[in-house]
Amino acid sequence: MTLMDSNNAPDNKGQRLWYLIAPATGANNVVASKNDGSGWIDAVAVSYTGASQTGQPDAEVVQATETTTSYSKSITTVADNCWIIWPMTCSGLTLTAGSN
């Protein structure tokens, strides 16, 4: 797998976003591990059928850790109907999605 982006929040709740183009057909395992016994791991894996196997990722915006209560970021995709994935960690706040 290829690491697309990673960050470390102030409370060490880091995030990593990985991708794999053209995985082997059939059942495959995604295994998440860490190099020490502290903390926790929360992992999600998804697989899409019919997705383009070339030219990925389409676009990428790397963001830094923010300490404000409102944050936005713009991203321009190359093709129509692209998915946008925005992993985030939030401590003590309720997350809501804005318009668009």
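From a predicted model like this one, the values you see are computed outputs, not experimental measurements. (Residues numbered from 1 in each chain as written. Predicted model: local features only at pLDDT ≥ 70, side-chain atom pairs only at ≥ 80, totals over all residues. Heavy atoms only, no water.)

Trainee: I'm lost on the overall build of the protein in this one. Help?
Mentor: A tally of regular secondary structure across the protein gives 0 helices and 2 strands. Counting contacts in the protein only where the partners sit at least 6 residues apart, residues at least 24 apart contribute 35% of the total. Of the roughly 8,800 Å² that the protein leaves accessible, carbon and sulfur atoms contribute 50%. (Helix = DSSP H or I, 4+ residues; strand = E, 2+ residues; numbered from the N terminus. Contact = heavy atoms within 4.5 Å. Areas by Shrake-Rupley, 256 points an atom, 1.4 Å probe, with all protein chains shown as cover.)

Trainee: Sorry, what's going on with the environment of lysine 73 here?
Mentor: For lysine 73, the position within the fold is in the segment after β2 (15–19). Residue classification places lysine 73 among the partly exposed positions, given a relative accessible area of 41%. Taking the C-alpha atoms as reference, lysine 73 lies 9.8 Å from tryptophan 86; in sequence the two are 13 residues apart. (Buried < 20%, exposed > 50% of the residue type's maximum accessible area, 1.4 Å probe, protein only.)

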